[in-house]
Amino acid sequence: MSTKNKRPLKTKLLFIVALLGVCFILIQFARPQIDSPPVKADFEAPAEVKNIITRACYDCHSNQTNLRWYDKVQPIYWQVAEHVKDGRKGLNFSNWKNMAPADQKAKLWEAVNQIAEGAMPIKSYTMVHTEAKVPASDLAILKAYLAVMVHSKPADTSKTNALDKQYQKWQKAKTAHTKLPVEPNGIAYIPDYKNWQVISTTERFDNGTMRVIFGNDIAIKAVKEHHINPWPNGTIFAKVAWDQLQDTAGNVKTGAFKQVEYMIKDDHKYASTKGWGFARFKTPKMVPYAAGNALFANECVNCHRPMSNNDFVFTMPVKH
Ligand code: HEC
Ligand code: HEC
């Protein structure tokens, strides 16, 4: 080898790197189109269901693809465009209401199973879009919704009317903040439960209600740390019940608000009721359930007694 050849080798390498760089820049301009046609028949479901689907599936299964900057860098963008094209072809939530009710049920069934098997959302996607992962708690919500959809009958119009009336009242009342109602044992309505995490959902086919059980931060932390028998002081559960509405097309959604119930853990303060403070507020007016009857909590305790080995709590949380 002559010394002459060494230099050109370095130069060649530099040239190749530069060429790759230029190619990288050039391929940025070769872009298949991802269009966003108008959404006319969007998926409808109770907010807690809709939020999961939107967050985890809409990038590939709706006309509302939301590309982040790193999705737009080639060659990743090619794969993204391919996913969106194929994803929309198999299932497009933006065309949901154009589907026959039976097809909607079938698609939802398929969707829940794809998630349960870990096939959806696509792994390479959730590795970067971590917010799109579907934890077990969310899967439980989807399953509960699916179960309702499959089994329930159309709601009668009195329920629909009740919902409309409530909505109009709520619209009017939004500005006027009134004093919080209080149960005879001193427990006041806690509006903040809406910001807590869902621990589980249940539905009662017999009386047509949908129920969601929320836990405050202490409850969620206890679940994570497997510290739930007994639950730590400060734990609060809120169990919320709505009418369950189903229209003639088979769509299920939450109807009029029925009531919210609380259980607040405090060994000392609520020693006489097994360490839990119980409260129930009914109708959107949040009427205290037990006005004038300070011993009402015995009724709650008695019915929760079968769970005495489980700190009087029915709900088995799905792991977060
Ligand atoms: C990164 C894009 C992407 C995301 C996010 C995604 N999918 Fe998919 N999905 C696809 C692609 C691509 C296909 C078609 C090819 C395949 O089956 O792998 C598909 C296929 C499916 C199918 C089969 C459709 C058919 O052909 O009948 C279902 C059901 C499905 N996805 C459900 C979901 C659900 C539910 C979510 C959200 C929890 C989700 N997907 C999130 C890309 C995605
Ligand atoms: C007729 C029996 C019964 C009565 C009475 C009862 N509960 Fe419950 N409660 C249940 C069942 C069953 C569950 C499990 C969730 C479900 O199936 O809805 C539950 C769950 C709860 C939960 C969620 C935490 C958990 O244990 O799973 C709260 C909070 C709650 N009840 C509050 C109350 C309050 C407050 C009262 C009294 C005003 C009360 N309950 C009275 C049967 C009852």
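Residues numbered from 1 in each chain as written. Chains lettered and ligands numbered in written order. Predicted model: local features only at pLDDT ≥ 70, side-chain atom pairs only at ≥ 80, totals over all residues. Heavy atoms only, no water.

Draft legend 1. Just the packing of aromatic side chains, in detail. In this structure the tally under the stated criterion is 13 aromatic pairs. Seen in terms of ring centroids, Tyr193 and Phe214 are 5.6 Å apart; in terms of plane orientation they differ by 55 degrees. Their pairing is tilted. One end of the pair, Tyr193, is in the loop between α7 (157-173) and β1 (197-204); the other, Phe214, is in strand β2 (residues 209-215), with 21 residues separating them in the sequence. For Tyr193, a relative accessible area of 4% corresponds to the buried category. (Phe/Tyr/Trp six-rings, centres within 6.5 Å; stacked < 30°, edge-to-face > 60°. Helix = DSSP H or I, 4+ residues; strand = E, 2+ residues; numbered from the N terminus. Buried < 20%, exposed > 50% of the residue type's maximum accessible area, 1.4 Å probe, protein only.)

Draft legend 2. Fine view of the coordination of the iron atom of ligand 1. With distances of 2.0 to 2.3 Å, the protein atoms coordinating the iron atom of ligand 1 are His61 (NE2) and Met120 (SD). Taken together, the six donor atoms coordinating the iron atom of ligand 1 span angles of 84 to 178 degrees at the metal, a pattern that classifies the geometry as octahedral. Here His61 is found in helix α2 (residues 47-61), whereas its partner Met120 is found in the loop between α4 (101-116) and α5 (123-128), with 59 residues between them in sequence. The class for His61 is buried, based on a relative accessible area of 14%. (Donors = N, O, S within 2.8 Å, 3.2 Å for Na, K, Ca; no water. Tetrahedral: all angles 85-135°; square planar, octahedral: opposite > 155°, others 65-115°.)

Draft legend 3. Local environment of the coordination of the iron atom of ligand 2. For the iron atom of ligand 2, the protein supplies a single donor, His304 (NE2), at a distance of 2.1 Å. Looking at the secondary structure, you find His304 in helix α9 (residues 297-304).

Draft legend 4. Layout of the nonpolar core. Phe43, Phe93, Tyr193, Phe214, Val260 and Tyr262 are the most contacted members of the largest nonpolar core, which totals 42 residues. Put simply, the parts of the chain that give this core at least two residues each are α2, α4, α6 (136-151), β2, β3 (236-246), β4 (252-265) and β5 (276-282). Counting only domains with at least three residues in this core, you end up with domain 1 (47-134) and domain 2 (153-310). With residues up to four places along the chain from it excluded, the contact list for Val260 reads Tyr189, Tyr193, Ala238, Lys239, Val240, Ala279, Arg280, Phe281 and Met286. Counting residues in hydrophobic clusters, the runner-up holds 18 residues, among them Val223, Ala290, Phe296 and Cys300. (Core = buried A, V, L, I, M, F, W, Y, C linked by side-chain atoms within 4.5 Å. Domains from an automatic or database assignment. Contact = heavy atoms within 4.5 Å.)

Draft legend 5. Molecular detail of the pattern of salt bridges. As enumerated under the stated definition, the model contains 14 salt bridges in all. Two residues, Asp59 and Arg68, come together in a salt bridge whose shortest N-O distance is 2.8 Å. You can call Asp59 buried: its relative accessible area is 10%. Arg280 serves as the salt-bridge partner of Glu261, at 2.7 Å between the closest nitrogen and oxygen. With Glu261 in strand β4 and Arg280 in strand β5, the pair connects residues that are 19 residues apart, well separated along the chain. (Salt bridge = Lys/Arg side-chain N within 4 Å of Asp/Glu carboxyl O.)

Draft legend 6. Just the pairing of β5, in detail. Most of β5 sits out of view: six of its seven residues are buried. Sheet topology places β5 next to strand β6 (residues 287-288); two bridges connect them, and they run antiparallel. The residue of β6 that forms the bridge with Lys282 is Val287. Between β5 and β6, which pair antiparallel and follow one another directly, the connecting turn spans four residues, one of which, Thr283, has a positive phi of 60 degrees. (Pairing = 2+ DSSP bridges.)

Draft legend 7. Region of interest: the side chain of Lys265. Mapping Lys265 onto the fold places it in strand β4. Look at Lys265 and you get buried, because its relative accessible area is 4%. Apart from residues no more than four positions distant in its own chain, Lys265 is found in contact with Pro230, Trp231, Pro232, Asn233, Gly234, Thr235, Gly275, Trp276 and Asp311.

Draft legend 8. How the structure looks around the side chain of Asn63. Position of Asn63 among the secondary structure elements: in the loop between α2 and α3 (76-90). At 3.4 Å, the side chain of Asn63 and the backbone oxygen of Pro37 are in polar contact. Among the polar contacts made by the side chain of Asn63, one reaches the side chain of Asn92 at a distance of 2.9 Å. (Polar contact = N/O pair within 3.5 Å; in protein donor to acceptor, adjacent residues only side chain to side chain.)

Draft legend 9. Molecular detail of a nonpolar patch on the surface. A cluster of nonpolar side chains, namely Leu13, Phe15, Ile16, Leu19 and Leu20, defines an oily patch on the protein surface of about 530 Å² accessible area. Here Leu19 shows up in helix α1 (residues 3-27). (Patch = residues over 30% accessible without salt bridge, like charges linked within 9 Å, V, L, I, M, F, W, Y side chains within 5 Å. Areas by Shrake-Rupley, 256 points an atom, 1.4 Å probe, with all protein chains shown as cover.)

Draft legend 10. Representation of the packing of α2 against α3 in the model. Relative to each other, α2 and α3 sit at 100 degrees, their axes nearing to 7 Å. In this view, α2 runs roughly perpendicular relative to α3, as classed from their interaxial angle. On α3, the residues that touch Asp59, Cys60 and His61 of α2 are His83, Val84, Gly87 and Arg88. (Axes fitted to C-alpha atoms, helices over the stretch in contact; angles between N-to-C directions. Parallel < 35°, antiparallel > 145°, perpendicular 65-115°, else oblique.)

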